[in-house]
Amino acid sequence: MNPTLGQRLRLAREQRGLGLADVAHATRIPAPRLRELEEDHYNGFGSMTYARSFLQIYAGFLDID
């Protein structure tokens, strides 16, 4: 079974030895939002446009396609 996008983000972050606070500081995405992305919970963003934008920023920071 392939990992979800959120699982891939969390794994990449952990492999780099980064905490959510580190990524939040570097990307300016609040840590609770990062946690939602890693858990594949997109309903709290209000709009998929916001979720997609945060995903692009987070994935770009971690160098994930």
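It should be noted that the structure appears before, not after, this text.
Figured I'd write up the structure that's included with this text. (Residues numbered from 1 in each chain as written. Predicted model: local features only at pLDDT ≥ 70, side-chain atom pairs only at ≥ 80, totals over all residues. Heavy atoms only, no water.)

## What to know about the pattern of salt bridges
Now for step 1: All chains considered together, the criterion is met by three salt bridges.
Now for step 2: In this structure, the salt-bridge partner of Arg 33 is Glu 36, at a minimum N-O distance of 2.9 Å. In this pair, Arg 33 and Glu 36 both sit in helix α3 (residues 31-38), three residues apart, roughly one turn of the helix.
Now for step 3: Owing to a relative accessible area of 26%, Arg 33 belongs among the partly exposed residues under this scheme.
Now for step 4: We classify Glu 36 as partly exposed; its relative accessible area is 23%. (Salt bridge = Lys/Arg side-chain N within 4 Å of Asp/Glu carboxyl O. Helix = DSSP H or I, 4+ residues; strand = E, 2+ residues; numbered from the N terminus. Buried < 20%, exposed > 50% of the residue type's maximum accessible area, 1.4 Å probe, protein only.)

## A word on helix α4 (residues 48-62)
Now for step 1: Counted at 1.5 Å a residue, the expected span for α4 with its 15 residues is 21 Å, and the 21 Å between its end C-alpha atoms agrees.
Now for step 2: Within α4, burial applies to Ala 51, Leu 55, Tyr 58, Ala 59 and Leu 62. Each buried residue of α4 lies within a common arc of 95° when the element is viewed along its axis, so the set occupies one face. Counted as exposed and oriented over 90 degrees from the buried face of α4: Thr 49, Tyr 50 and Gln 56.
Now for step 3: Buried residues belonging to α4 abut α1 (5-15), α2 (20-27) and α3.
Now for step 4: For α4, the capping residue at the N-terminal end is Ser 47, with a side-chain oxygen 3.0 Å from the backbone nitrogen of Thr 49.
Now for step 5: Note on α4: the residue one or two positions beyond its end, Asp 63, has a positive phi of about 60°. (Expected span 1.5 Å × (residues − 1). Arc of directions from axis to C-beta. Contact = heavy atoms within 4.5 Å. Polar contact = N/O pair within 3.5 Å; in protein donor to acceptor, adjacent residues only side chain to side chain.)

## Observations concerning the environment of Arg 52
Now for step 1: Along the chain, Arg 52 falls in helix α4.
Now for step 2: Relative accessible area serves as the criterion here: at 47%, Arg 52 is assigned to the partly exposed category.
Now for step 3: With ten residues separating them in the primary sequence, Arg 52 and Tyr 42 have C-alpha atoms 9.1 Å apart.

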